[in-house]
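Here is what each chain is made of, one letter per residue.
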Amino acid sequence: MSLKVTICDDSGMARKQLLRTLPEDWDAKVYQAADGEQALACVKAGQADVLFLDLNMPVMDGYQTLAAIQQQQLESLVIVVSGDIQPQAHQRVTQLGAMAFVKKPMSGGELRQLLQQFGLYQPASGHLQLVDERQAQPENALDVYREVSNVAMGQAGDHLARMLNTFIELPVPNVNFIAPSELHMALQAIDNSERVSAISQGFAGSGILGETLTLFSDTSIDDVCQLLGHQLSGSMRQQRIEALMDIASIISSACLNGLGQQLHVEFTASQPVLLGEQKAISELLAESEQRWQNILAIEIGYTLKQHQIGFDLLLLFPADAVKVLDQQLAHWLAGQED
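Residue positions within a chain follow its written sequence, with the count starting from 1. Whole-chain, interface and lining totals are the exception, using all residues; otherwise, since this is a predicted model, local features are given only for residues with pLDDT of at least 70 and side-chain atom pairs are given and counted only at 80 or more. Computation of side-chain values covers all heavy atoms of the structure but excludes hydrogens and water.

Caption draft 1: Spotlight on the packing of aromatic side chains. Ring pairs shown here join Phe, Tyr and Trp side chains whose ring centres sit within 6.5 Å, with only the six-membered ring taken for Trp; geometry is labelled stacked below 30 degrees between planes, edge-to-face above 60, and tilted in between. One pass over the structure, following the stated rule, counts five aromatic pairs. An angle of 80° between the planes, with centres 5.9 Å apart, marks the rings of Tyr-145 and Phe-177 as edge-to-face. Of this pair, Tyr-145 sits in helix α6 (residues 141-164) while Phe-177 is found in strand β7 (residues 174-178), placing the two residues 32 residues apart along the sequence. For every residue, the accessible area obtained with a 1.4 Å probe (protein chains only) is divided by the maximum for its type, and the residue is called buried under 20%, exposed over 50%, and partly exposed between those limits. Note on Phe-177: relative accessible area 43%, which makes it partly exposed. For the pair Tyr-302 and Phe-311, a centre-to-centre distance of 5.5 Å together with 25° between the ring planes defines the contact as stacked. A relative accessible area of 4% places Phe-311 in the buried class. A connected cluster of aromatic rings, assembled from ring pairs, spans Phe-203, Phe-267 and Phe-317. Criterion for a charge above a ring: Arg CZ or Lys NZ at most 6 Å from the ring centre, at most 35 degrees from the ring normal. Over the face of the ring belonging to Tyr-63 we find Arg-92, whose NZ or CZ atom lies 3.9 Å from the ring centre. In this description a helix means any DSSP run of H or I spanning at least four residues, a strand means any run of E spanning at least two, and both kinds are numbered starting from the N terminus.

In structure tokens, the structure reads:
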């Protein structure tokens, strides 16, 4: 009897990527879910003997889905496939009953080995059947940008989590093509009524120019200083600025590195610059409004709940850079098809 397999990811592109890596001779019927709530319904309907589960999703994330499966004593072998590669993320999903934890993107060879390891796949035992045809639709441009940002975000979060020895809550990246004047309205992770401080870094690589902005709410800055206190010296204001510079530089560089690895682009970042302190979002973003006409804005909100710290990373690409990015993404997607 064919295995029932469900792939759960909010990104249609990520589901398609995983579908491509499944063995074509696997005796399995494949269903799809766009969030944990849909995945849970598939499990209850007997459509998920094996569940490939993302972690960072809207509606119900992967942790909540695992907890519900465990609490309701549902039968499903769960393989977590995520861009969030923090050690604590691995520990959490294991405690919640996941059979395995693998990072995005996953190769076909790795997946076959994993399935064989758990006795779920024998070569030439059948053929793969796609039950849900939704993924046959072409990728949406924003979905593609969102997924590569998700993987880059996970690598950056892991780097910072290991350095600070803490767990970082990772969101679903918010991606928009907008006018700079609309940028402050597009932010999801920061309350626009808050006073914030911002660190700016320019970057370039393979004809792609852009800027990162790391935004810290005033309520987080003292906690950042306390977390990095053993590395800081000087006056209180100097300590605050140094702490912001350190965090911004680490997370921006790691995220750009993760993005560059996927697109085969080596980004070089300039020195971080304090763009402003304790200002309204609209004030801080005014300078970007004057430089660019239209931009691709990628927003990632990081949260360190143990330390009551939250900050927002913006990757901003002007229209000329987006054209080059699109070309790099086209090459990358072609490689994923191979």
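What follows continues from the structure just given.
Caption draft 2: Representation of the sheet that holds strand β5 (residues 100-103) in the model. When DSSP finds two or more bridges between a pair of strands, those strands are recorded as paired. As summarised here, the arrangement of the six strands in space is β5-β4-β3-β1-β2-β6, forming an open sheet in which the pairing is parallel. Looking at which strands have only one partner, the edges of the open sheet turn out to be β5 and β6 (128-130). The sheet shows a mean angle of 20° between the axes of neighbouring strands, taken without regard to direction. With three bridges connecting them, strand β2 (residues 28-33) and β6 associate as parallel partners. The residue of β6 that forms the bridge with Lys-29 is Gln-129. What counts as an axis is a line fitted to C-alpha atoms, over the stretch in contact for a helix, and the angles between N-to-C directions run from 0 to 180 degrees.

In short, shape yes, function no, at least from these values alone.
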